[in-house]
Amino acid sequence: MGQFFENLKDTFVLNFIQEDRWKFVTEGIKTTLIVTLCAIVIGVIIGIIVASVRSTYEKNKEEYAKRGGFGVFLLKVVNGICKVYLTVIRGTPMVVQLLIMYYVVFVSAKNGVPVAIAAFGINSGAYVAEIFRGGIMSIDHGQFEAGRSLGLNYFQTMVHIIIPQVIKNVLPALCNEFIALLKETSVCGYIAIQDLTKGIYIIIGRTYSYYMPLLVLAAIYLIMVMLLTWLVGKLERRLRSSER
Amino acid sequence: MSVNTKGLIVTEDLKKYYRNGEIKALDGINIEIDKGEVVVIVGPSGSGKSTFLRSLNLLEIPTSGKIFFEGVDITDPKTDINMHRRKMGMVFQHFNLFPHLSVMGNITLAPIKHKIQSKDEARENALRLLKRVGLLEKAEAYPSQLSGGQRQRIAIVRALAMNPDVMLFDEPTSALDPEMVGEVLEVMKELAHEGMTMAVVTHEMGFAREVATRAIFMDEGRILEQNTPQELFSNPQHPRLKDFLSKVL
């Protein structure tokens, strides 16, 4: 038994202490968190915009068909673009999108991190958009009507009445998406970014020991996900408490 | 653009068709509602009475016809409907209070966003109105903490906070438990006595008899008969109205 712990200690020292290899881990965590958090922000912004366009168009299709005009035409075009965006992003693998972003779209990029943020943000936006669209559609139409009957315009009604209710309702689904995003950033290594996974891989490459670095890697992701879940849960409880 | 200066609300040959005319929710409504009138609209379900009321502030877009509000044709696409909706309070069957806002937030949202009142003025006005309907102590409560009757009274206050020229009621007591109908009707009666112009879709014949200046019977998207409520209910002419009254009274 003593031998086992002795081995464990040696492996740990070899992988994380010698030559300051723990720095690969801390630096990796930092990069993973930066990419994830920035991508979440971009994703949510894209998501809300795309969801608003899609649900506006869907809700008022009939009226627009009758009214016509340039504004309606524009909305129709933008709605079409949003649909293509959703189809393409959800229909192709994340890694492929990341590679295309790095090697095709931003060929001259020297630093991969902003490219990764853009790629993950755009990817996440598609899923967030559908979550929000579902949320908007699930709000009782009477809420729109009450807002409009008070003379609020469509935009004011969305901002002050619909979106606050939607956010509360979609938070659990949104949390899911954030978790998926955090874990998906582990493919960052494909474009030479030293995120957590890549950092551990570098350690493995130097020490040729597998089990401890990989188990530590899994444990760190698990802890980060638990932390994220806890944070969103806290936010959810705070939003709900205002109603009771 | 034609301008009509006669009534507060005037409709001309108002039509609302669904499925290319297969369903005629409104089939040519001509009506004039003057200032201070309390008009009650009755009719069987599916008669178009709610559609008619909801088209008055364009929650339903009519297929054809005109609606004049304070002399302005609001069906004209160039009219800014939001400006006119401020002057038309609406009360819904299912209250439609905003669940994420307190009672105070519900009442003051529109006046503050429209910059009609400052935050303090809006609050003060809200408290005054809440006192009037006997719900002063609920100012900081949330809709989920209120009974149906209380919610509907708050919804009325929310509409009144915009200081409207007309109040539209779309079956305001139909979703209430029987014992709560009275408190809502009481508020509406008070409003009527104060001279508020009202258009009310309701099944409350007692309310209609007591405060309405005119009662309208609608069926199949048309106005079949209109009269004083006393005459309309006790001396119906149209066979459909007779049939309807025999079922509800």
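So, how was this worked out
- Residues numbered from 1 in each chain as written.
- Chains lettered and ligands numbered in written order.
- Predicted model: local features only at pLDDT ≥ 70, side-chain atom pairs only at ≥ 80, totals over all residues.
- Heavy atoms only, no water.
- pLDDT = per-residue confidence, 0-100.
- Helix = DSSP H or I, 4+ residues; strand = E, 2+ residues; numbered from the N terminus.
- Pairing = 2+ DSSP bridges.
- Axes fitted to C-alpha atoms, helices over the stretch in contact; angles between N-to-C directions.
- Contact = heavy atoms within 4.5 Å.
- Buried < 20%, exposed > 50% of the residue type's maximum accessible area, 1.4 Å probe, protein only.
- Buried area = accessible area lost by both parts, 1.4 Å probe.
- Salt bridge = Lys/Arg side-chain N within 4 Å of Asp/Glu carboxyl O.
- Polar contact = N/O pair within 3.5 Å; in protein donor to acceptor, adjacent residues only side chain to side chain.
- 1 Å grid on protein atoms, 1.4 Å probe; cavity = no way out; pocket = protein on both sides within 12 Å on 5 of 7 lines; lining within 4 Å.
- Points joined across faces, edges and corners; volume = space filled by probe spheres on them.
- Nonpolar A, V, L, I, M, F, W, Y, C, P; charged D, E, K, R; others polar.

### Overview of the confidence of the model for chain A
Counting all residues, the mean pLDDT for chain A is 91, and 98% of those residues have values of 70 or more. Mean pLDDT in chain A bottoms out at helix H1 (residues 2–17) of chain A, which sits at 88, and peaks at helix H5 (residues 112–138) of chain A, which reaches 96.

### A word on the sheet that holds strand E8 (residues 197–201) of chain B
Residue and element names in this part refer to chain B. Taken in spatial order, the six strands line up as E6-E7-E8-E3-E9-E10 in an open sheet, and their pairing is mixed. Two strands close off the open sheet at either side, each with one partner strand: strand E6 (88–91) and strand E10 (222–227). On average, each strand axis in the sheet is inclined to that of its neighbour by 20 degrees, with strand direction left out of account. Note: E6 against strand E7 (residues 166–170), four bridges, orientation parallel. Within E7, the position partnered with Val91 by the bridge is Phe169. Those strands touched by helix H5 (residues 148–160) are E6 and E7, and its axis lies near 170 degrees from that of E6. On the sheet, helix H6 (residues 178–193) packs against strand E3 (38–42), E7 and E8 and is oriented at approximately 145 degrees with respect to E8.

### Structural notes on the environment of Gly135 of chain A
All names here are of chain A. Positionally, Gly135 belongs in helix H5. The spacing of Gly135 and Val166 is 31 residues in sequence and 5.2 Å in space, taken between C-alpha atoms. Look past the residues within four positions of Gly135 in its chain and what remains in contact with it is Val166 and Val170.

### Points about the sheet that holds strand E4 (residues 64–69) of chain B
Residue and element names in this part refer to chain B. A sheet is described by the order of its strands in space; here four strands give the open sequence E2-E1-E4-E5, paired in antiparallel fashion. Edge positions in the sheet fall to strand E2 (23–33) and strand E5 (72–73), since each of these pairs with one other strand and no more. Judged from the eight bridges that link them, strand E1 (residues 9–18) and E2 form a sheet pairing that is antiparallel. If you follow Tyr17 over to E2, its bridge partner there is Lys24.

### What to know about helix H6 (residues 141–149) of chain A
Each turn of an α-helix holds 3.6 residues, which means side chains three or four residues apart point in the same direction. Residue and element names in this part refer to chain A. Of all nine residues that make up H6, eight are buried, and the element is covered over most of its length. Within the sequence span of H6, burial applies to Gly142, Gln143, Phe144, Glu145, Ala146, Gly147, Arg148 and Ser149. Downstream of H6 by one or two residues, Gly151 has phi in the positive range, about 90 degrees.

### As for the interface of chain A and chain B
Tallying the contact residues gives 23 residues for chain A and 27 residues for chain B. Where chain A abuts chain B, roughly 2,200 Å² becomes buried across the two surfaces, and 56% of that area is made up of carbon and sulfur atoms. Ranking the residues of chain A by area buried against chain B places Glu145, Ser149 and Leu150 of chain A at the top, with a combined share of 27%. The interface formed by chain A and chain B includes one salt bridge. Taking the shortest distance from any N to any O, the salt bridge between Arg54 of chain B and Glu145 of chain A comes out at 2.6 Å. Our count for the chain A to chain B interface comes out at seven residue pairs in polar contact (both at pLDDT 80 or more). The leading source of residues in the side of chain A that touches chain B is H6 of chain A, at seven residues.

### Some words on unusual backbone geometry
All names here are of chain B. Located in the positive-phi region is Arg19, a residue other than glycine, with phi close to 50 degrees. In this structure, Arg19 sits in the loop between E1 and E2. Residue classification places Arg19 among the exposed residues on the basis of a relative accessible area of 58%. Phi at Asn96 is positive, roughly 55 degrees, even though this residue is not glycine. Following the sequence through the fold, Asn96 ends up in the loop between E6 and helix H3 (103–113).

### A word on empty space enclosed by the protein
Counted under the stated rule, the structure contains one cavity of 30 Å³ or more. Taken as a whole, the largest cavity encloses approximately 30 Å³ of empty space. Looking at the largest cavity, the residues that line it are Ala146, Ser149 and Leu150 of chain A together with Met90, Phe92, Ala155, Arg158 and Ala159 of chain B. Of all the elements in the fold, those that place two or more residues in the lining of the largest cavity are H6 of chain A together with H5 of chain B. Looking at which element gives the most residues to the lining of the largest cavity, the answer is H5 of chain B, with three residues. Looking at the lining of the largest cavity residue by residue, the class counts come to six nonpolar, one polar and one charged.

### As for the layout of surface pockets
Within this model, the largest pocket holds a volume of roughly 1,300 Å³. As for the largest pocket, its lining consists of 39 residues, and the residues nearest its centre are Glu63 of chain A together with Leu58, Leu59, Glu60 and Ile61 of chain B. For the lining of the largest pocket, the elements supplying multiple residues, two or more each, are helix H2 (22–67) and H6 of chain A together with E1, E4 and helix H2 (81–85) of chain B. The element best represented in the lining of the largest pocket is H2 of chain A, accounting for nine residues. Tallied by class, residues from the lining of the largest pocket come to 12 nonpolar, 11 polar and 16 charged. The space that makes up the second largest pocket amounts to roughly 260 Å³. What lines the second largest pocket is a set of 13 residues, and nearest its centre among them are Ile40, Leu171, Phe178, Val232 and Leu235 of chain A. For the lining of the second largest pocket, the secondary structure elements donating two or more residues are H2, helix H7 (154–184) and helix H9 (211–241) of chain A.

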